[in-house]
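Here is how the chains run, residue by residue.
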Amino acid sequence: MADQTHVLFVEDDDVIREATQLALERDGFAVTAMPDGLSGLEAFRANRPDIALLDVMVPGLDGVSLCRRIRDESTVPVIMLSARADSIDVVLGLEAGADDYVTKPFDGAVLVARIRAVLRRFGHAGRADRAEEAGDGAAGSLLAFGDLEVDTEGMEVRRAGQPVALTPTEMRLLLEFSSAPGTVLSRDKLLERVWDYGWGGDTRVVDVHVQRLRQKIGQDRIETVRGFGYKLKA
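The model shown is predicted, which means the values in this text are computed figures rather than measured ones.

A. View of the packing of helix 2 (residues 37-47) against helix 3 (residues 63-73). Taken N-terminus to C-terminus, the directions of helix 2 and helix 3 make an angle of 20°; their axes are 10 Å apart at the nearest point. In terms of orientation, helix 2 and helix 3 fall into the roughly parallel class. Relative to helix 3, the crossing made by helix 2 is right-handed. Of helix 3, the residues touching helix 2 (which contributes G37, L41, F44 and R45) are L66, R69, I70 and E73.

B. Structural view of helix 4 (residues 88-95). Within helix 4, the full set of buried residues consists of D89, V90, V91, G93 and L94. Those residues of helix 4 that are buried are in contact with helix 3, strand 4 (78-82), strand 5 (100-103) and helix 9 (204-217). With its phi angle positive at about 120°, G97 sits one or two positions after the end of helix 4.

C. The arrangement of the pairing of strand 8 (residues 156-159) in detail. Of the pairings in the sheet, the one linking strand 7 (residues 148-151) to strand 8 comprises four bridges and is antiparallel in character. Bridge pairing in strand 8 places E149 opposite R158. Counting the residues in the hairpin turn of strand 7 and strand 8 gives four residues, including M155, whose phi is positive at 55°. Taken together, the two bridges between strand 8 and strand 9 (residues 162-163) define a ladder with antiparallel strand orientation. Bridged to R158 within strand 9 is P163. Between strand 8 and strand 9, which pair antiparallel one after the other, the connecting turn spans two residues, and A160 there sits at a positive phi close to 55°.

Conventions used here
Residues take numbers from 1 onward in each chain, read along the sequence in its written order. Only residues with pLDDT of 70 or above have their local features reported here, since the model is predicted, and side-chain atom pairs are shown and tallied only from 80 upward, although totals for entire chains, interfaces and linings are computed over all residues. With hydrogens and water excluded, all non-hydrogen atoms of the structure serve as input to the side-chain values. The axes used here are C-alpha line fits, helices contributing only the stretch in contact, and every angle between their N-to-C directions lies in the interval 0 to 180 degrees. Only runs of H or I of at least four residues qualify as helices and only runs of E of at least two qualify as strands under DSSP, and these elements are numbered from the N terminus. Comment on the angle field: the value is read as roughly parallel under 35 degrees, roughly antiparallel over 145, roughly perpendicular from 65 to 115, and oblique elsewhere. Here a crossing is taken to be left-handed if its near helix is turned anticlockwise relative to the far helix by less than a right angle, and right-handed if that turn runs clockwise. Whether two residues touch is decided by their heavy atoms; if any such pair falls within 4.5 Å, the residues are in contact. Buried means the residue's accessible area, taken with a 1.4 Å probe over protein chains only, is under 20% of the maximum for its type, while exposed means over 50%, and partly exposed covers the values in between. In short, DSSP must find at least two bridges between two strands for them to pair.

Right, here's the structure in full:
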(Lines give C-alpha, C1' and ligand atoms only; values in the text may rest on other atoms or scores of the structure.)
Protein backbone atom coordinates (compact mmCIF):
# COMPACT_ATOMS: atom_id res chain seq x y z
CA MET A 1 0.00 0.00 0.00
CA ALA A 2 2.95 2.32 0.68
CA ASP A 3 3.74 2.54 -3.04
CA GLN A 4 0.12 2.95 -4.10
CA THR A 5 -2.21 5.91 -4.10
CA HIS A 6 -4.53 5.38 -1.13
CA VAL A 7 -8.19 6.17 -1.71
CA LEU A 8 -10.77 6.52 1.05
CA PHE A 9 -14.17 5.63 -0.41
CA VAL A 10 -17.32 6.26 1.65
CA GLU A 11 -20.50 4.80 0.12
CA ASP A 12 -23.47 3.14 1.82
CA ASP A 13 -24.71 1.17 -1.19
CA ASP A 14 -23.04 -2.24 -0.89
CA VAL A 15 -23.14 -3.01 -4.62
CA ILE A 16 -21.68 0.36 -5.67
CA ARG A 17 -19.09 0.29 -2.89
CA GLU A 18 -17.82 -3.19 -3.72
CA ALA A 19 -17.88 -2.74 -7.51
CA THR A 20 -16.12 0.63 -7.35
CA GLN A 21 -13.52 -0.66 -4.93
CA LEU A 22 -12.70 -3.56 -7.26
CA ALA A 23 -12.51 -1.23 -10.27
CA LEU A 24 -10.15 1.18 -8.48
CA GLU A 25 -7.97 -1.65 -7.24
CA ARG A 26 -7.69 -3.02 -10.78
CA ASP A 27 -6.34 0.41 -11.76
CA GLY A 28 -3.64 0.16 -9.12
CA PHE A 29 -5.20 2.10 -6.24
CA ALA A 30 -5.24 0.95 -2.64
CA VAL A 31 -8.79 1.43 -1.35
CA THR A 32 -10.29 1.71 2.12
CA ALA A 33 -14.06 1.47 1.70
CA MET A 34 -16.48 2.48 4.46
CA PRO A 35 -20.31 2.31 4.58
CA ASP A 36 -21.04 5.47 6.62
CA GLY A 37 -19.65 8.86 7.49
CA LEU A 38 -18.53 8.15 11.04
CA SER A 39 -16.49 5.10 10.08
CA GLY A 40 -15.19 7.10 7.13
CA LEU A 41 -13.93 9.83 9.46
CA GLU A 42 -12.25 7.26 11.67
CA ALA A 43 -10.60 5.65 8.63
CA PHE A 44 -9.43 9.04 7.41
CA ARG A 45 -7.77 9.85 10.71
CA ALA A 46 -6.23 6.40 11.02
CA ASN A 47 -4.93 6.04 7.45
CA ARG A 48 -4.47 9.60 6.09
CA PRO A 49 -5.40 8.68 2.50
CA ASP A 50 -4.14 10.51 -0.59
CA ILE A 51 -7.68 11.31 -1.76
CA ALA A 52 -11.23 10.87 -0.45
CA LEU A 53 -14.34 9.91 -2.45
CA LEU A 54 -17.44 10.76 -0.46
CA ASP A 55 -21.02 9.97 -1.37
CA VAL A 56 -23.29 12.83 -0.36
CA MET A 57 -26.05 10.66 1.13
CA VAL A 58 -24.41 8.34 3.64
CA PRO A 59 -25.80 7.57 7.13
CA GLY A 60 -24.41 8.67 10.46
CA LEU A 61 -22.46 11.65 9.17
CA ASP A 62 -23.48 12.78 5.69
CA GLY A 63 -20.88 13.33 2.99
CA VAL A 64 -21.03 17.13 3.11
CA SER A 65 -20.50 17.18 6.88
CA LEU A 66 -17.71 14.63 6.53
CA CYS A 67 -16.06 16.80 3.91
CA ARG A 68 -16.14 19.76 6.32
CA ARG A 69 -14.57 17.66 9.08
CA ILE A 70 -11.83 16.48 6.74
CA ARG A 71 -11.20 20.00 5.48
CA ASP A 72 -10.84 21.23 9.08
CA GLU A 73 -7.92 18.83 9.48
CA SER A 74 -6.36 18.46 6.05
CA THR A 75 -6.03 19.77 2.50
CA VAL A 76 -6.26 16.24 1.09
CA PRO A 77 -8.25 16.30 -2.18
CA VAL A 78 -11.93 15.42 -1.90
CA ILE A 79 -14.31 14.34 -4.67
CA MET A 80 -18.02 14.25 -3.86
CA LEU A 81 -20.33 11.67 -5.42
CA SER A 82 -23.90 12.83 -6.05
CA ALA A 83 -26.88 11.00 -7.51
CA ARG A 84 -28.24 14.12 -9.22
CA ALA A 85 -26.34 16.65 -11.32
CA ASP A 86 -28.81 19.42 -10.45
CA SER A 87 -28.86 18.69 -6.73
CA ILE A 88 -28.13 21.44 -4.23
CA ASP A 89 -25.91 18.84 -2.61
CA VAL A 90 -23.35 19.43 -5.36
CA VAL A 91 -22.98 23.08 -4.44
CA LEU A 92 -23.06 22.32 -0.71
CA GLY A 93 -20.27 19.79 -1.17
CA LEU A 94 -18.12 22.27 -3.07
CA GLU A 95 -18.80 24.97 -0.49
CA ALA A 96 -17.77 22.52 2.23
CA GLY A 97 -14.35 22.27 0.63
CA ALA A 98 -14.62 19.53 -2.00
CA ASP A 99 -12.38 19.93 -5.04
CA ASP A 100 -14.62 18.24 -7.57
CA TYR A 101 -17.69 16.05 -7.90
CA VAL A 102 -18.86 13.13 -10.01
CA THR A 103 -22.50 12.35 -10.75
CA LYS A 104 -23.85 8.82 -10.25
CA PRO A 105 -24.18 6.54 -12.05
CA PHE A 106 -20.61 7.00 -13.24
CA ASP A 107 -18.35 5.13 -15.61
CA GLY A 108 -15.36 3.60 -13.87
CA ALA A 109 -12.93 4.97 -16.44
CA VAL A 110 -14.34 8.49 -16.00
CA LEU A 111 -14.00 8.25 -12.22
CA VAL A 112 -10.38 7.10 -12.51
CA ALA A 113 -9.62 9.93 -14.94
CA ARG A 114 -11.11 12.49 -12.54
CA ILE A 115 -9.15 11.04 -9.62
CA ARG A 116 -5.90 11.20 -11.57
CA ALA A 117 -6.65 14.76 -12.71
CA VAL A 118 -7.18 15.88 -9.12
CA LEU A 119 -4.05 14.11 -7.93
CA ARG A 120 -1.95 15.70 -10.69
CA ARG A 121 -2.78 19.20 -9.57
CA PHE A 122 -2.04 18.30 -5.96
CA GLY A 123 1.46 16.96 -6.69
CA HIS A 124 4.74 18.75 -6.14
CA ALA A 125 5.50 18.53 -9.86
CA GLY A 126 2.21 20.30 -10.54
CA ARG A 127 3.29 23.16 -8.33
CA ALA A 128 6.55 23.59 -10.21
CA ASP A 129 4.76 23.39 -13.54
CA ARG A 130 2.33 26.12 -12.57
CA ALA A 131 5.06 28.44 -11.34
CA GLU A 132 6.97 27.93 -14.57
CA GLU A 133 3.88 28.41 -16.73
CA ALA A 134 3.20 31.75 -15.03
CA GLY A 135 6.14 32.97 -17.13
CA ASP A 136 7.86 36.34 -17.46
CA GLY A 137 9.98 35.78 -14.39
CA ALA A 138 7.03 34.94 -12.17
CA ALA A 139 8.57 31.62 -11.11
CA GLY A 140 10.35 32.09 -7.82
CA SER A 141 9.02 35.63 -7.42
CA LEU A 142 6.75 37.49 -5.02
CA LEU A 143 3.70 38.98 -6.74
CA ALA A 144 1.83 41.82 -5.06
CA PHE A 145 -1.73 43.00 -5.72
CA GLY A 146 -2.61 45.68 -3.20
CA ASP A 147 -2.38 44.06 0.23
CA LEU A 148 -2.29 40.59 -1.36
CA GLU A 149 1.09 38.86 -1.82
CA VAL A 150 1.54 35.60 -3.73
CA ASP A 151 4.81 33.68 -3.38
CA THR A 152 4.81 31.48 -6.50
CA GLU A 153 7.89 29.55 -5.39
CA GLY A 154 7.04 28.96 -1.75
CA MET A 155 3.33 28.50 -2.56
CA GLU A 156 2.39 30.94 0.19
CA VAL A 157 -0.16 33.74 0.24
CA ARG A 158 -0.37 36.70 2.60
CA ARG A 159 -3.03 39.34 2.98
CA ALA A 160 -2.09 42.51 4.86
CA GLY A 161 0.94 40.61 6.10
CA GLN A 162 -1.08 37.71 7.50
CA PRO A 163 -0.83 34.19 6.06
CA VAL A 164 -3.84 32.93 4.09
CA ALA A 165 -4.54 29.19 4.17
CA LEU A 166 -5.57 27.93 0.73
CA THR A 167 -6.31 24.44 -0.47
CA PRO A 168 -4.15 23.28 -3.41
CA THR A 169 -7.07 23.82 -5.81
CA GLU A 170 -7.60 27.35 -4.50
CA MET A 171 -3.87 27.98 -4.84
CA ARG A 172 -3.82 26.82 -8.44
CA LEU A 173 -6.83 29.00 -9.19
CA LEU A 174 -5.09 32.02 -7.65
CA LEU A 175 -1.92 31.25 -9.64
CA GLU A 176 -3.95 31.34 -12.85
CA PHE A 177 -5.36 34.75 -11.96
CA SER A 178 -2.05 36.17 -10.71
CA SER A 179 -0.20 35.04 -13.84
CA ALA A 180 -2.43 37.33 -15.92
CA PRO A 181 -3.76 40.14 -13.71
CA GLY A 182 -6.42 42.25 -15.39
CA THR A 183 -7.04 39.56 -18.01
CA VAL A 184 -10.49 38.00 -18.15
CA LEU A 185 -10.35 34.21 -17.79
CA SER A 186 -13.42 32.31 -18.90
CA ARG A 187 -14.90 29.55 -16.80
CA ASP A 188 -14.09 27.03 -19.54
CA LYS A 189 -10.45 28.16 -19.61
CA LEU A 190 -10.22 27.83 -15.83
CA LEU A 191 -11.78 24.36 -15.97
CA GLU A 192 -9.16 23.37 -18.53
CA ARG A 193 -6.18 24.83 -16.68
CA VAL A 194 -7.06 24.19 -13.05
CA TRP A 195 -9.31 21.12 -13.19
CA ASP A 196 -7.73 19.55 -16.30
CA TYR A 197 -11.10 19.35 -18.07
CA GLY A 198 -10.04 19.39 -21.70
CA TRP A 199 -13.53 18.19 -22.58
CA GLY A 200 -15.38 20.82 -20.57
CA GLY A 201 -17.27 20.44 -17.32
CA ASP A 202 -19.71 21.97 -14.87
CA THR A 203 -18.87 25.64 -14.37
CA ARG A 204 -20.41 25.56 -10.88
CA VAL A 205 -17.09 24.08 -9.77
CA VAL A 206 -15.37 27.28 -10.86
CA ASP A 207 -18.00 29.62 -9.43
CA VAL A 208 -17.95 28.04 -5.97
CA HIS A 209 -14.15 27.97 -5.83
CA VAL A 210 -13.97 31.63 -6.86
CA GLN A 211 -16.46 32.40 -4.10
CA ARG A 212 -14.33 30.50 -1.57
CA LEU A 213 -11.18 32.24 -2.80
CA ARG A 214 -12.81 35.66 -2.49
CA GLN A 215 -13.69 34.97 1.13
CA LYS A 216 -10.01 34.42 1.84
CA ILE A 217 -8.25 37.08 -0.24
CA GLY A 218 -10.93 39.78 -0.32
CA GLN A 219 -14.35 39.94 -1.94
CA ASP A 220 -13.35 42.74 -4.33
CA ARG A 221 -10.01 41.25 -5.42
CA ILE A 222 -11.55 39.02 -8.11
CA GLU A 223 -14.01 40.77 -10.40
CA THR A 224 -16.87 39.10 -12.24
CA VAL A 225 -17.10 40.09 -15.90
CA ARG A 226 -20.65 39.12 -16.77
CA GLY A 227 -20.95 36.87 -19.77
CA PHE A 228 -17.19 36.26 -19.95
CA GLY A 229 -15.64 35.10 -16.68
CA TYR A 230 -13.42 36.49 -13.95
CA LYS A 231 -10.31 38.61 -13.62
CA LEU A 232 -7.90 39.54 -10.84
CA LYS A 233 -7.71 43.25 -10.18
CA ALA A 234 -4.14 44.39 -10.78
